[in-house]
Amino acid sequence: AGVNKGTLSATGGGTLNISGQLTSSTGSAVNLNGAGGTVNINSATLLGTINGASGTTLVFGGNNAFNATTITANLDLSTNNTARILMQGANTVTGNISLGTSGANTGLDIYSTNDALTINGNLTGFGNVYQDGTGGFLTSNGAISANVGGKTLALAQTNTVVNGTAQATNGATLLLSNTTNNGAISATGAGSVVGIAGAAGVNKGTLSATGGGTLNI
């Protein structure tokens, strides 16, 4: 279990590998600088406040966990297609998340009622955002984009809130369940499909299908 009060860096083509537990000390943050390098997070638990310098992307592999974590960095779950992050407590990501996972128990797992993920950047790609238990919360304040042709991005929590946009493009499929839409949900382009299911859905924004896209409600 590590406590860092300084900066961990991988620059100029260098590589920083983090596993185990990384915790910020009370009142401070863990600072990661991966600009020009690679920061690998493999089978790790991140707790507290994690700040990434501009251009920092964290590349995830194996089974990981966020526990009441606030993180400012881009997250890559597409380089390793079996990567998983378990969300425990209230977690916030200010940065973009690239998802490209396949198979059971991969992707983002917002476990149960007491667990939540707020994304203040964009979520793109394919794979699963799901819950092993019941009652998980996902709030998106940026863009959700299923944008890989022939692939599906499935958001299957008990509670999903779209405050920005959610779209399927390039012949991809976006599956939403139990969604409160305060923004815009769209299927754009031939073969692009958005499916919305669940009894708890509320629409306060716009729903559209254009250019040969399909919207299923």
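Below, the structure is looked at part by part. Quick caveat, the model's predicted, so the values are computed rather than measured.

1. Comments concerning the pattern of salt bridges
Then comes step 1: Taken as a whole, this structure holds 2 salt bridges when the rule is applied.
Then comes step 2: One salt bridge connects Arg84 with Asp109, and the closest N-O pair in it is separated by 2.9 Å. Taken together, the residues Arg84 in strand 9 (residues 84-88) and Asp109 in strand 12 (residues 107-110) connect sequence positions 25 residues apart.
Then comes step 3: Residue Arg84 is classed as buried on the basis of its relative accessible area, which comes to 13%.
Then comes step 4: One salt-bridge network, held together by shared partners, links Arg84, Asp109 and Asp132.

2. Section: the nonpolar core
Then comes step 1: Judged by nonpolar contacts, the single largest core of 45 residues is most densely connected at Leu58, Phe60, Phe66, Ile71, Leu75, Leu77 and Leu174.
Then comes step 2: With 5 residues, the single largest contributor to this core is strand 5 (residues 38-52).
Then comes step 3: Residues within four places of Phe66 in sequence aside, it is in contact with Leu46, Phe60, Ile71, Leu75, Ile85, Leu86, Met87, Gln88, Asn91 and Val93.

3. Looking at unusual backbone geometry
Then comes step 1: Phi angles above zero are rare outside glycine, and Ala68 is one such case at about 55 degrees.
Then comes step 2: On the secondary structure map, Ala68 appears in strand 7 (residues 63-72).
Then comes step 3: Backbone geometry at Asn178 places phi at a positive 50 degrees, although glycine is not the residue there.
Then comes step 4: The topology assignment puts Asn178 in the loop between strand 20 (173-177) and strand 21 (179-181).

Calculation rules
Residues numbered from 1 in each chain as written. Predicted model: local features only at pLDDT ≥ 70, side-chain atom pairs only at ≥ 80, totals over all residues. Heavy atoms only, no water. Salt bridge = Lys/Arg side-chain N within 4 Å of Asp/Glu carboxyl O. Helix = DSSP H or I, 4+ residues; strand = E, 2+ residues; numbered from the N terminus. Buried < 20%, exposed > 50% of the residue type's maximum accessible area, 1.4 Å probe, protein only. Core = buried A, V, L, I, M, F, W, Y, C linked by side-chain atoms within 4.5 Å. Contact = heavy atoms within 4.5 Å.

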